[in-house]
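# Per-entry structural report
Spelled out from the first residue to the last, the chains are:
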Amino acid sequence: STALIKSVAPNDRLDELDDDEVSLTPSMMSSDDEGAATTSPRSRRNVQTTTTTTTKKRFGCCKSSNEQIISANSSNDLVSKSSSFGSRFNKKGSKAERRAERQRRIIAKKKKRRREARARERYRRVPEGILIYRLDTSDRTITLVSGPSSNTDMNTLMTKMVVINAKPSSDISRRGIILTGVRGEIHTVVACEQRTAIAWLESMDMMLASSPNDATRAAMENQLGEGVAMNRVLSQKSTRSNWAKGKESKLSQTERDQIEERYVNLAAYSNNLIRAGAFPNSNANSQGKGKAAGGGGGIYYTVTQIHDDGEEYDEETLESIAKRRAVIKDSWDFFRMVCSLLRDKRKYDEVFRKLQLDPVYSYLNSMTGLNDPGDDMAMGGNIGADKPITQMHLAEYDDMSNSQIAKDLVRRAEVALPSLVEICKALAGSLGMEEVGVGPVKDASAALRKAEKKYEGDVLKVTDYCRALLVVKDFPTLLALLELARDSFGPLIRRVKLSTLKSDRNAKPGGYRDCIINLELKDHICEIQIHMWPMWVICGVDGFRHYRHCLEYSTDTFGDPYEALAGLDRKTMAELIVMAEEAVADMPLETLEWYHEKFILDYFAEVGLFLHHGLHEWAETTLRALIKLRCQSPDIGPDHHETITLYKYLEQALRAQKRIDEADEVAAKIAEYKQLKTNEKVEADKSTWDQWVTEPFESIVDPNKKEREEEERIKKEVRASKKAWRKIREERFRFLDAN
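Residue positions are given per chain, counting from 1 as you read along its sequence in written order. Reporting in this predicted model follows two pLDDT cut-offs: at least 70 for local features of residues, and 80 or more for side-chain atom pairs to be given and counted; totals over whole chains, interfaces and linings ignore these cut-offs and use all residues. Heavy atoms from the whole structure form the basis of all side-chain values; hydrogens and water molecules are not counted.

### Section: the pattern of salt bridges
Where we set the bar: Salt bridges are defined by distance alone: a side-chain nitrogen of Lys or Arg within 4 Å of a carboxyl oxygen of Asp or Glu. Under the scheme used here, helices are H or I runs from DSSP no shorter than 4 residues and strands are E runs no shorter than 2 residues, and both carry numbers assigned from the N terminus. Accessibility here uses a 1.4 Å probe with only protein chains present; expressed as a share of the type maximum, an area under 20% marks a residue as buried, one over 50% as exposed, and anything in between as partly exposed.
Using the criterion set out here, one finds 40 salt bridges in the structure. Of the charged contacts, one joins R336 and D602 as a salt bridge, the two residues approaching to 2.4 Å between their closest N and O atoms. Here the residue R336 occupies a position in helix α8 (residues 315–355), and D602 occupies one in helix α16 (residues 597–613), the gap between them amounting to 266 residues. Across the salt bridge formed by R655 and D664, the nearest N and O atoms sit 2.9 Å from each other. By relative accessible area, which is 31% here, R655 ends up partly exposed. Judged by its relative accessible area of 36%, D664 is partly exposed. Through salt bridges with shared partners, one network takes in K347, E597, R630 and E642.

### Considering the sheet that holds strand β13 (residues 493–497)
Test applied: Strands pair, by our definition, only if DSSP identifies at least two bridges between them. A fitted line through C-alpha atoms serves as each axis, taken over the contacting stretch for helices, and the angle formed by two N-to-C directions is quoted from 0 to 180°.
Across the sheet, five strands lie side by side as β11-β12-β15-β14-β13; this open sheet has mixed pairing. Two strands in the sheet have a free side with no partner beyond their single neighbour: β11 (436–438) and β13. The mean inter-strand angle of the sheet, taken between neighbouring strand axes irrespective of direction, is 15 degrees. Pairing of β13 with strand β14 (residues 515–521), which is carried by four bridges, proceeds in the antiparallel orientation. Its bridge partner being in β14, R495 is matched across the sheet by N518.

### Quick look at the pairing of strand β15 (residues 524–532)
Here β15 lies mainly inside the structure; eight of its nine residues are buried. Alignment of strand β12 (residues 467–472) against β15, held across six bridges, turns out to be parallel. Bridge pairing links L469 to Q529 in β15. Of the strand pairs in this sheet, β14 and β15 are connected by seven bridges, and their pairing is antiparallel. Note that in β15 the partner of L519 across the bridge is C526. From the end of β14 to the start of β15, which pair antiparallel, there are two residues, and K522 there has a positive phi angle of about 55 degrees.

### Describing the packing of helix α3 (residues 194–209) against helix α7 (residues 253–275)
Cut-off, in case you're wondering: By the definition adopted for this analysis, an angle is roughly parallel if under 35 degrees, roughly antiparallel if over 145, roughly perpendicular if from 65 to 115, and oblique otherwise. By definition, residues are in contact when any of their heavy atoms lie within 4.5 Å. Only Asp, Glu, Lys and Arg are considered charged in this grouping, and only Ala, Val, Leu, Ile, Met, Phe, Trp, Tyr, Cys and Pro are considered nonpolar; every other residue, Gly among them, is considered polar.
Axis separation between α3 and α7 bottoms out at 10 Å; the angle between their running directions is 170 degrees. Here α3 lies roughly antiparallel to α7, going by the angle between them. Across from R195, I198, A199, E202, S203, M206 and A209 in α3, the residues of α7 making contact are R256, I259, E260, Y263, V264, N271, I274 and R275. The class makeup of the residues in the contact of α3 with α7 is eight nonpolar, two polar and five charged.

### Some points on the packing of aromatic side chains
What counts, and what does not: To pair, rings of Phe, Tyr and Trp, with the six-membered ring standing in for Trp, must have centres within 6.5 Å; the planes then decide the type, stacked if under 30 degrees apart, edge-to-face if over 60, and tilted in the middle.
Evaluated as defined, the whole model comprises 14 aromatic pairs. Measuring from centroid to centroid gives 6.0 Å for F544 and Y547, while their planes differ by 35 degrees, and the two rings are tilted. Taken as a pair, F544 and Y547 lie in helix α14 (residues 543–553) at a separation of three residues, close to a single helical turn. Between W725 and F733, the aromatic rings sit 6.0 Å apart at their centres with planes inclined by 40 degrees, giving tilted as the arrangement. Across this residue pair, the class does not change: W725 and F733 are buried. Ring pairs connect the aromatic residues W332, F335, Y562, F604 and Y649, which therefore count as one cluster.

### Let's talk about the sheet that holds strand β9 (residues 186–190)
The strand order across the open sheet formed by five strands is β5-β6-β7-β8-β9, and the pairing between neighbours is antiparallel. Two strands lie at the open edges of the sheet, namely β5 (133–136) and β9, each paired on one side alone. Neighbour-to-neighbour, the strand axes of this sheet turn through a mean angle of 40 degrees, independent of strand direction. Across five bridges, strand β7 (residues 160–168) lies against strand β8 (residues 176–181) in antiparallel orientation. Paired with K167 across the strands is I178, a residue of β8.

### Comments concerning the packing of α7 against helix α15 (residues 570–583)
Relative orientation of the contacting elements α7 and α15 amounts to 10 degrees, with a least axis distance of 10 Å. When the axes of α7 and α15 are compared, the pair comes out roughly parallel. Contacts between α7 and α15 involve I259, Y263, L266, A267, S270 and I274 from the first element and K571, A574, E575, V578, M579 and E582 from the second.

### Observations concerning a positive patch on the surface
What counts here: Each patch groups residues whose relative accessible area exceeds 30% and which form no salt bridge, using 9 Å between like charges and 5 Å between nonpolar side chains of Val, Leu, Ile, Met, Phe, Trp and Tyr. Here the accessible surface of atoms and residues is derived via Shrake-Rupley with a 1.4 Å probe, and residues count as covered only by protein chains that are part of the display. By the counting rule applied here, Lys and Arg register as positive and Asp and Glu as negative, while His and the ends of each chain are not counted. To locate a charge, the coordinates of NZ of Lys, CZ of Arg, CG of Asp or CD of Glu are taken.
The grouping of K95, R98, R99, R102, R105, K109, K110 and R113 at the surface amounts to a positive patch. On the secondary structure map, K110 appears in helix α2 (residues 95–124).

### What to know about helix α17 (residues 616–632)
Cut-off, in case you're wondering: Expected helix span is computed as 1.5 Å times (number of residues minus one).
Its 17 residues place the ends of α17 24 Å apart at the C-alpha level, agreeing with the 24 Å of an ideal helix rising 1.5 Å per residue. In terms of burial, α17 is a largely internal element, 13 of the 17 residues being buried.

This is a description of form; function is not addressed.
Okay, structure coming up:
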């Protein structure tokens, strides 16, 4: 494709364009599902896209506009069109027809002159400190098309360059691109917006992977002089472009052109949506809408499509791009959700680690639940089909369908619900709990789905038709609640499930852990869910949705959220980055604050795309910004597990750039954190029981001594924990003795 420049003036408006200049998405490509490129026989046009970046050197910044023109006409089409045009004028027509044709040509010439005048005027109206460049991907040249500013250093100004290498810069704004010319010169351009820099860099990376054509060789000869050997220069493209590595290196030139065009079309379509204000709630700070909004509606990134006179826009091509964007958007949303789910799982794991430091935990960990084999098959649990408790089986159920049984159980749950509410009020009042909830009775259809999924269709094993929840602030309160429940309505209790709170048992899918009490009220088994406040506060009432998604998508099988990107080709990865930039369009990295959790998650997901796409410089820049924000957060800080997770990815990005010394420094910080957590556990153990030491040589004489000592240590730990519980019980829950 050929990329030409067009200036973009700050005050230009799309509604001021002529009839033949329309702000629409440029595309002459079908969707990926349709295979190769297709050209509509009734719609032949030139497609022109304009993007703009800025360059910051020692003298200021530079604005660059990238305008791509794609001709959909073949040479045969042009010949036939020309011949038909001539035959039309050779045919004798009426005076009115000749006058109309003459008028049409006059209007077309006027429009052309107005466009040329407007282009010249735009170049003159470029703001101070901004330069406009033209990128021509056919011969790999970047050319200055606007005049210099008053403070421009003419000695360092780049006027024209044949690009042989392009890579991201380490600029904190994440908008810089380092360009290397055929003569060895190096310049850095800084775009006005993040997505502009990303689109430019991806386009140049595709450009450099292609084999040099005659136009490229001519441009290089013009820069280097005739007779200069260029084989060494041309060979560099195969080692410096990511699109020339791996399976992408086997693509034909036609395939490369198709991929490039589809990428440009998607980027342009996404940009048009942003500029049109299609995401009104995405900007947390902007007071305006559409093009008037900051960030996403900047005037320095413009995409327009210019039609030949009399041509109509092909809506089918626009629809194909929209469909492709919808597919990529769904993929981005799923990947972002995986990042969110695994982030919350790590939070649950960290909270449970801290909860185990409670002095009463060893006592709780030694307790055995009632009818509680757990769900962990490796520990002798059940998988649901052999659940130890079920609803009462009535004789009339023998002649009823599952749906009828479920409806009858729903009716019985509604009868038992008032009694469950009274019990929960009594427990909450005695223990001073503020978080109490009584859920709606589970409907019959939901019960049938759960029975089919977990209990092989047995609706009698569903025991949460009638349910409620209590939130306790710590383990001592949980122990007090269990004791109070035993003393108050012990004969009604059918199950106490503590298995997910045990250190040797697995958590629920997604990392959540809680306690469940089942009791029988009015011949119906009800459920009380007891949540720990530190875990509850992570997701709140959305915790069940987190659990359901983790179960549905098996996210616990991912050790790293970025593993979800495994197997994606480079084209799809580039398109996902377009969607990522669309998500953060109104929150540039340099304006991000520690409380912008939604955008922090978006940037974290984008880091994974950068790492897998080979953009390690931008991954590093983003990670350093996120680490800084996490350190500023009053709820997180530098030693939080989330911050350390970001450091792990930073180490990976640095090692990919061969910056070993910096990577080793980050690795040392991570090791220091692990040692800190180990010492924290040791200190907690010391405060609960006296530390004892055995001589190492004694184990040689008695090979079973280690096992016996481990058993004795656990017993001693439990005794000390139970003693701590009695002390806390005396201080906080003295009313239990009165009961």
